[in-house]
Amino acid sequence: MSASIHHFCSFPLASKPTSASIGPESGRLGASRVKCCAATTTESSRVTVKNGNDSLEICRVLNGMWQTSGGWGRIDRDDAVEAMMKYADAGLSTFDMADHYGPAEDLYGIFINRVRRERPPEFLEQIRGLTKWVPPPVKMTSSFVRENINVSRKRMDVTSLDMLQFHWWDYSNTGYLDALKHLTDLKEEGKIKTIALTNFDTERLQIILENDIPVVSNQVQHSIVDMRPQPKMAELCQLTGVKLITYGTVMGGLLSEKFLDTNLAIPFAGPPLNTPSLQKYKRMVDAWGGWGQFQVLLQTLKKIATKHGVTIPTVAVKYILDQPAVAGSMIGVRLGLSEHIKDANAIFTLALDEEDVNNIKQATNKGKDLIKVIGDCGDEYRR
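S.K.: Tell me about the layout of surface pockets, and name the residues and values.
M.R.: Counted as a void, the largest pocket has a volume near 680 Å³. Those elements giving two or more residues to the lining of the largest pocket turn out to be α8 (276-288), α10 (312-321), β11 (326-332) and α11 (341-346). For the lining of the largest pocket, the residue count by class is 16 nonpolar, 16 polar and 6 charged. Each pocket or cavity is described by its volume, and for the second largest pocket that value is around 300 Å³. Sorting the residues of the lining of the second largest pocket by element identifies α12 (354-364) and α13 (370-373) as the ones contributing at least two each. Here the residues of the lining of the second largest pocket are counted per class, giving 8 nonpolar, 4 polar and 4 charged.

S.K.: Explain the pattern of salt bridges to me, and be specific about the residues and the numbers.
M.R.: Enumeration over the complete set of coordinates arrives at 26 salt bridges. Here Arg228 makes a salt bridge to Glu380, at a shortest N to O gap of 2.8 Å. Here Arg228 is found in the loop between β9 (215-221) and α7 (232-240), whereas its partner Glu380 is found in the segment after α13, with 152 residues between them in sequence. The class of Arg228 is buried, set by a relative accessible area of 1%.

S.K.: Go over the packing of aromatic side chains with me, naming the residues and quoting the values.
M.R.: One pass over the full model with this rule turns up 12 aromatic pairs. Aromatic pair Phe259 and Trp291: ring centres 6.2 Å apart, planes at 80°, arrangement edge-to-face. Linking Phe259 in the loop between β10 (243-247) and α8 with Trp291 in helix α9 (residues 291-308), this pair joins segments that are 32 residues apart in sequence. Counting every residue linked through ring pairs, the aromatic cluster contains Trp133, Phe144, Phe166, Trp168, Tyr171, Tyr176 and Phe200. Positioned above the aromatic ring of Phe123, the side-chain terminus of Arg119 is 5.8 Å from the ring centre. The ring of Phe200 carries the charged tip of Arg382 above its face, separated from the ring centre by 5.9 Å.

S.K.: I'd like a rundown of the environment of Ala104, residues and numbers included.
M.R.: For Ala104, the location among the structural elements is in helix α2 (residues 104-118). You can call Ala104 buried: its relative accessible area is 0%. The spatial distance from the C-alpha of Ala104 to the C-alpha of Arg155 is 9.0 Å, given a sequence separation of 51 residues.

S.K.: Talk me through the side chain of Asp54; I want residue IDs and the actual numbers.
M.R.: Its location among the elements puts Asp54 in strand β3 (residues 54-59). The buried category is assigned to Asp54, whose relative accessible area is 11%. Side-chain polar atoms of Asp54 contact the side chain of Lys187, separated by 3.1 Å. With residues near it in sequence (within four places) discarded, Asp54 still touches Val49, Lys187, Lys193, Thr194, Pro214 and Val216.

S.K.: Before we move on, could you go through the confidence of the model for the protein chain and cite the residues and values that matter?
M.R.: Per-residue confidence for the protein chain averages 89 on the pLDDT scale, and 89% of its residues sit at or above 70. Throughout residues 1-43 the model reports pLDDT below 50, and contacts reaching past four residues in sequence, or to other chains, amount to 124 contacts.

S.K.: A description of the side chain of Thr198 should follow, citing residues and the corresponding values.
M.R.: Checked against the element boundaries, Thr198 lands in strand β8 (residues 192-198). At a separation of 3.3 Å, a polar atom in the side chain of Thr198 contacts the main-chain carbonyl oxygen of Gln219.

S.K.: So what about the pairing of β9? Which residues, and what values?
M.R.: Here β9 lies mainly inside the structure; 7 of its 7 residues are buried. Alignment of β8 against β9, held across 3 bridges, turns out to be parallel. Across the sheet, the residue bridging to Thr198 is Gln219, located in β9. With helix α6 (residues 202-210) bridging β8 and its parallel neighbour β9, the resulting β-α-β unit is right-handed. The pairing of β9 with β10 spans 5 bridges and is classified as parallel. Pairing of Asn218 across the sheet is with Leu244, part of β10.

S.K.: Describe the packing of helix α5 (residues 175-188) against α6, and please don't skip the residues or the numbers.
M.R.: Where α5 contacts α6, the axes come no closer than 11 Å and their chain directions differ by 50°. Classified by the interaxial angle, the pair formed by α5 and α6 is oblique. Along this stretch, α5 crosses α6, giving a crossing that reads as right-handed. Contacts from Tyr176, Leu177 and Leu180 of α5 reach α6 at Arg204, Ile207 and Ile208. Split by residue class, the contact of α5 with α6 holds 5 nonpolar, no polar and 1 charged.

What counts as what
Residues numbered from 1 in each chain as written. Predicted model: local features only at pLDDT ≥ 70, side-chain atom pairs only at ≥ 80, totals over all residues. Heavy atoms only, no water. 1 Å grid on protein atoms, 1.4 Å probe; cavity = no way out; pocket = protein on both sides within 12 Å on 5 of 7 lines; lining within 4 Å. Points joined across faces, edges and corners; volume = space filled by probe spheres on them. Helix = DSSP H or I, 4+ residues; strand = E, 2+ residues; numbered from the N terminus. Nonpolar A, V, L, I, M, F, W, Y, C, P; charged D, E, K, R; others polar. Salt bridge = Lys/Arg side-chain N within 4 Å of Asp/Glu carboxyl O. Buried < 20%, exposed > 50% of the residue type's maximum accessible area, 1.4 Å probe, protein only. Phe/Tyr/Trp six-rings, centres within 6.5 Å; stacked < 30°, edge-to-face > 60°. Lys NZ or Arg CZ within 6 Å of the ring centre and 35° of its normal. Polar contact = N/O pair within 3.5 Å; in protein donor to acceptor, adjacent residues only side chain to side chain. Contact = heavy atoms within 4.5 Å. pLDDT = per-residue confidence, 0-100. Pairing = 2+ DSSP bridges. Right-handed = clockwise from strand over helix to strand, strands pointing away. Axes fitted to C-alpha atoms, helices over the stretch in contact; angles between N-to-C directions. Parallel < 35°, antiparallel > 145°, perpendicular 65-115°, else oblique. Left-handed = near helix turned anticlockwise from the far one by under 90°.

What follows is the structure, encoded as structure tokens:
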């Protein structure tokens, strides 16, 4: 597909059509029969997502590989793999990709083979490759699902995918349940270790759990500006044990010193919005409250960052990691072009105090509640 799921668009949106809308929960929250949980390991940098007998330990800060798909600068294969090695050596050993993120799965395949050759077995055991499958809403036969998953397994050069995160465009087509049941069969065959979702809303997550699909997580957009997963989605996750993996947490780089004290209304006065992620999340800022209000938030975050001797992105990610039901947060990596290892690892030792949290809430509460503007998690893709 030409569109890039959970990154190809933002509010306001005109994209994949659907007649689905978010309805009342009909009291189903308390009716779930699913028993799953997640437990943080003794290392604060890692967490285990779990459902029944399925579990996967991941790094709480994930390396997002959407940036390999074009639009952020040319990616050199050798430089990219070298950068992946560097991230893994620094403990940032979980990589998130998708079937349509350009060469992401192929790069992971080259990378994992290099790890097998050049690192000890215990190092290899820490590496995780999470991918996504974003099919068109066609009939989900067993053979169709199997063929597509085999493509990812081959590209990533793994016998079993660590995690397959599934997306579905059109809720009026219930084929997503067929697809997930076939994915569950592949999991039982050992071709997938854990099944997860991306950009599903609360209502559909509940339906999926009621159909005994053992999902361990749902990947959704979540940042200090976009707090939509709290509390509706997080409430269901806390009841069932499904965890959230978040993206857009640093808003493509907007939540950083680079955009502090800038006025984008003046041509060429500020940093250019020259990547798909910056353009996407600038539209989220506009929906939330505008650039002036965003500057107030950045100033608040800068004071907190200075107080703790860290950067604005470190504070932004830590705040979301501290939210209920959040297992991990994504930071996009421009492999071979730029690096944020120091800032990412600082997240694990940062502790935001009550004053910090209150100041952030005070700044964010001046903006709009995006769940009222956009809707539940993933609704921006189905308007």
